[in-house]
Every structure is written in C-alpha cells, then in structure tokens.
Amino acid sequence: MDLRRKLPPKPPSTTTKQPSHRSHSPTPIPKASDALPLPLYLTNTFFFTLFFSVAYYLLHRWRDKIRSGTPLHVVTLTELSAIVLLIASFIYLLGFFGIDFVQSFISRENEQLNNDDHNVVSANNVLSDRRLVYDYGFDVTGDNDNDNDDDVIVKSVVSGEVNSYSLEASLGDCYRAAKIRRRAVERIVGREVLGLGFEGFDYESILGQCCEMPIGYVQVPVGVAGPLLLNGGEFMVPMATTEGCLVASTNRGCKAICLSGGATAILLKDGMTRAPVVRFATAERASQLKFYLEDGVNFDTLSVVFNKSSRFARLQNIQCSIAGKNLYIRFTCSTGDAMGMNMVSKGVQNVLDFLQNDFPDMDVIGISGNFCSDKKPAAVNWIEGRGKSVVCEAVITEEVVRKVLKTTVPALVELNMLKNLTGSAIAGSLGGFNAHAANIVSAVFIATGQDPAQNIESSHCITMMEAVNNGKDLHVSVTMPSIEVGTVGGGTQLASQSACLNLLGVKGACIESPGSNAQLLARIVAGSVLAGELSLMSAISAGQLVKSHMKYNRSSRDMSAIASKV
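For the protein, an unreviewed UniProt entry supplies the name 3-hydroxy-3-methylglutaryl coenzyme A reductase and the organism Artemisia annua. The annotation that UniProt attaches to the protein under Pathway (unreviewed entry) is "Metabolic intermediate biosynthesis; (R)-mevalonate biosynthesis; (R)-mevalonate from acetyl-CoA: step 3/3." Checking UniProt for the protein, the heading Subcellular location (unreviewed entry) contains the comment "Endoplasmic reticulum membrane".

See below:
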C-alpha cells in the first residue's frame, strides 16, 4: 500500500508549478458502504437480523391466516410495516452483495493501473531518494519501494506534517514505526544513536502499555545472586544494574545467610492505596463525609461498590484526613498478583461516583491527593504501609561472620547503631535507616519489570542488628513497610522481565491462590535486601569498601581512545 496517500494535502497554490509525480497517488474508488453512518459490520448485522426477523414474522402471520381462513390480502398496519421493512432490508442486502461485489472488480482493475503508473514514477525518483538517504547516513536495505516510502514518511515527521506519536496507528507496524521515528530523531538533532539497541525487540508488546514513541531500548546487564535460602526455599535472584560490586556483594550476603541456616520472611500486610482529595463549601460539610466514611455501618455498602472494579480488588479500609474544607480519603485494598495502582484507582472512582448521590456538593479535585502516597518518600507509607509490608530476619553464626564476612559481631552491631540508626536520625532520614536498600530494590525491580520510580517508597527500610546466643552470633533483620510489586501487568509481560520472574518461580498470576506470587516476590525482595545490607555493612566494618570498589568498580578501558573515535 502506498502510505504517502495518507499525508495531509497541501493547500492549493495560485502559482503554476511543474507537476510533481511524487505528490500524486491513486485516489481510492468510493464505495456505497462509505456513506454509511455506522461501521459496515454493524450495518450488515442490523439488516441481516431485520430481514430474517421480519420474514419469520410474516410467515408466521400468513400461516395463522391460512388456518383461520382469513384472506391473505387483508393486512393490518403492523403487517404492512413488516412488509415495508422486508423490502427495505432486501434492497440493502441486494445492493451490498450485488453492487459492492461488482465494484470490487472495478476497484481491483483501477488499483492495478494505478500501481503500474506509480512504479514508473518511483523508478524516476529512486536516485534522488537514495541520495537523500545517503546524505543523512542511513543504510538502505531491503525492498527499494519500502525504503523510498519510509524516507518520505521520515521527511514528513521531521517537517511536522505527520505526528510522530501516530506512526504505529497509521502504519499498523510497530517495528517500522519505531525505525522511522528513530531516523527522524537523528535528522532533527543531527546526531546518530548507533549505540542504542534496536533490533531484536518486540515493539508490539509495549504498544499502549509500557512506552510511547519508542526509538530503541537500553541494554542493562543482569546478574544473579544466590542461592538465597529463604523460608526453606532457594532462589537465584536476578539483578539488573550498572554498578560494579553490587551483585557480588549481595551474593556474598546470600552465601552468609545460606551457611547459617537461611532467612525467614513474614508478610505483615498487603494492600495498595489511592487517596483522592475532595472539597466542600465548608469544613463542617467535609467533616460530615469523614464521619460517614469512617462509620462501620457504611463500610459494607462502600465495599460492594468498590469491589465491582475487579474480581481481585477487595476494599480493606478507609482512612480520612481533613485540611480545612478539603478531605483526603485514603482507600486501601488487596489487588491479587497485580501491583494494583490502576485497579485501586478504578475502585475509588466507583465510590466517588456513588458518594456523589448523597453528597452532590462534593467537588472532586483529583483522584490522587498525595495522601496515598505514590512515588514519594512519605511518613504515611512508613507508618501505615503500602503494597506489601514485610519483615525478614536471619541469625548469622559467629564463624560465618568471621570467615565469610571478614568482620566480627560486636563491630557490626556498633556500626549499625551509629550508621543506620543514629546517623540516619541526624540526617533527618525518612524511612532510610539502612545502608543501601534502594540499591537492591532498584536492581530487582528493573530485572522483574516493576515500576522503577516506586523504588522510592519500596526502599523504606530499617535494618536492625543484635548480638545473640551470649554475644556469639548476629541477629539481623530488615523491616520494609511498603514494597510495591506485582507479577502481572506493566513491564512484567515483556520477554526479558518475564524470564526473570520465571527464574524466581513467580511468573504471572497464581491460579490456586491469587496474590501469592506477588507476595512471594515481595519476600524475595526483602530477603535480597537483607543479604545486601549484611554484606555492605561487613565491608564497611572491615574497611574493605573503598578497596573493593577500586578493584571491581573501575573500568580499565582507555576512555580517551574511545572518545577520539566518537
């Protein structure tokens, strides 16, 4: 198909110009179906149903007349209307299967003639098109006509005649749309993006879900730490990162945990939140809604309304906070194996629509009023929790601390108190009473297709260390109140991320026990953080941090030579 015919026509000019063969394209032959107000398949369905329904009705009526001896030419007003409808539907069907059928042959012949003419015109312009392509540094491969068409579209995107964001819908080919957009971006900025990955990616999988206007993908190496012995099971934890030593350090922590008998992770709470903000004319009126929402008698009714949004969404509680005449309503609900942001938002919208009946003066300012709180460090998440709240603990034996972690139990306990607890308090840290929980959370999130921005609240963590068993062994724990993960939806369905979830045994939704896969993933995140905290704190305690980073986190490549080639 000649895609250039989709370009908007240029305004007519009064000056006389030489005819441009490239601007001409065959005009589609109008069909009878083009004038229909509804899509063709709906119109056909309507007239098919009408024809057979009316025919059945008339046959039924005529049979009754024959049985009763009533003359067939005596018709009622209803029967007369049925006859008219029968004739009208028959005319339509005859026109569709007759006239449109003949038009298809005519259109086919005209299209063949137009294509022959287009091929002749394209041959005269190949040389100039190729010259433009080479001038911009693009490699022309594949079918010549397709390359020429792509180059025309690239020019149209650069000039603004065609919107970049509409390429997928216009072309019906996500790979080709990304390729054209990439070339257009290179022309606009005047620089190439040769190092940005492009081939070997399924662009269809991200359409309308993960990323808009793609021009390629970024390669992030994925390492694996483990086995992590957690709740009696062993897990090899995938970590996507560009920081040297991170995977190795977490792996050492996993080894220490495994040699000491493993770790235990307990799920404390599971509920995603969304908090709209509504406004009234007076604070008194806002208070009335607050009392209504917090009344247990009304909760069951609101739960039914909320839970209609999904078969997995289940409203757990409603928490309200007032600021003047503004009311912030924090809804918490379970979301199965999905992270659940969209699910809870739909449920909240259902409740707001329901409340509008009893509170017509309620003005909904926004579906989110930041009392949720999403993608921001917030005390409400630290105190109330959001997503999965998990605590994970392990007892590391004195021998493992000495041989594997290269430090001592008293040194770790003292460092944790002065660094993670006191130091964080002096800094005014909000949820950051740990060594580097965000490092592990981000790496696991990127590898498994989670929302990287939710690392902010998901990394809320307090690390505790204490000497046990007469001071010989080390009890270490991490408490993480707001791990926001899911095993379905978002980036989890992409091939690489899906593979990492499958490596952990938590891919997709759990049919037998909805929500258990996401809960297990949250436990694994907490266990990985425990391993990372244990190893980094040991490295700091033993004075190995700088030495290890200088050895393993420094590139040996000659960057000056690389820069000279760019």
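And the narrative resumes.
Quick look at the packing of helix α13 (residues 437–448) against helix α16 (residues 516–541)
Following both chains from N to C, one finds α13 and α16 inclined at 135 degrees, their axes separated by 9 Å at the closest point. Taken as axis vectors, α13 and α16 run oblique relative to one another. In the packing of α13 onto α16, the handedness of the crossing is right-handed. Of the residues in α16, those touching α13 at Ala 437, Ile 440, Val 441 and Val 444 are Val 525, Ser 528, Val 529, Gly 532 and Glu 533. Looking at the contact of α13 with α16, its residues break down into 6 nonpolar, 2 polar and 1 charged.

Section: the nonpolar core
One finds Met 239, Ile 396, Leu 474, Val 529 and Leu 534 to be the most contacted residues of the largest nonpolar core, which totals 53 residues. Take this core: its biggest share by element is 11 residues, from α16. Aside from chain neighbours lying at most four places away, what touches Ile 396 is Ala 256, Ile 257, Ser 260, Val 401, Leu 405, Asp 473, Leu 474, Val 476 and Leu 534. Grouped together as the second largest cluster of nonpolar side chains are 28 residues, Val 305, Leu 315, Leu 327 and Val 344 included.

A few points about the environment of Met 465
In this structure, Met 465 sits in strand β10 (residues 461–468). Separated by 48 residues in the primary sequence, Met 465 and Met 417 place their C-alpha atoms 8.0 Å from one another. Each residue touching Met 465, except ones within four places of it in the same chain, is listed here: Leu 412, Val 413, Asn 416, Leu 474, His 475, Val 476, Glu 533, Leu 534 and Met 537.

Things to note about helix α6 (residues 246–259)
Its 14 residues give α6 an end-to-end C-alpha distance of 20 Å, which sits within 8% of 20 Å, the value for a rise of 1.5 Å per residue. Taken together, the buried positions of α6 are Leu 246, Val 247, Ser 249, Thr 250, Arg 252, Gly 253, Cys 254, Ala 256 and Ile 257. Where the residues of α6 are buried, they touch β1 (222–230), β2 (233–240), β8 (387–396), α11 (398–403), α13 and α16.

So, how was this worked out
Residues numbered from 1 in each chain as written. Predicted model: local features only at pLDDT ≥ 70, side-chain atom pairs only at ≥ 80, totals over all residues. Heavy atoms only, no water. UniProt positions renumbered as here; feature names shortened; annotations may be inferred. Axes fitted to C-alpha atoms, helices over the stretch in contact; angles between N-to-C directions. Helix = DSSP H or I, 4+ residues; strand = E, 2+ residues; numbered from the N terminus. Parallel < 35°, antiparallel > 145°, perpendicular 65-115°, else oblique. Left-handed = near helix turned anticlockwise from the far one by under 90°. Contact = heavy atoms within 4.5 Å. Nonpolar A, V, L, I, M, F, W, Y, C, P; charged D, E, K, R; others polar. Core = buried A, V, L, I, M, F, W, Y, C linked by side-chain atoms within 4.5 Å. Buried < 20%, exposed > 50% of the residue type's maximum accessible area, 1.4 Å probe, protein only. Expected span 1.5 Å × (residues − 1).

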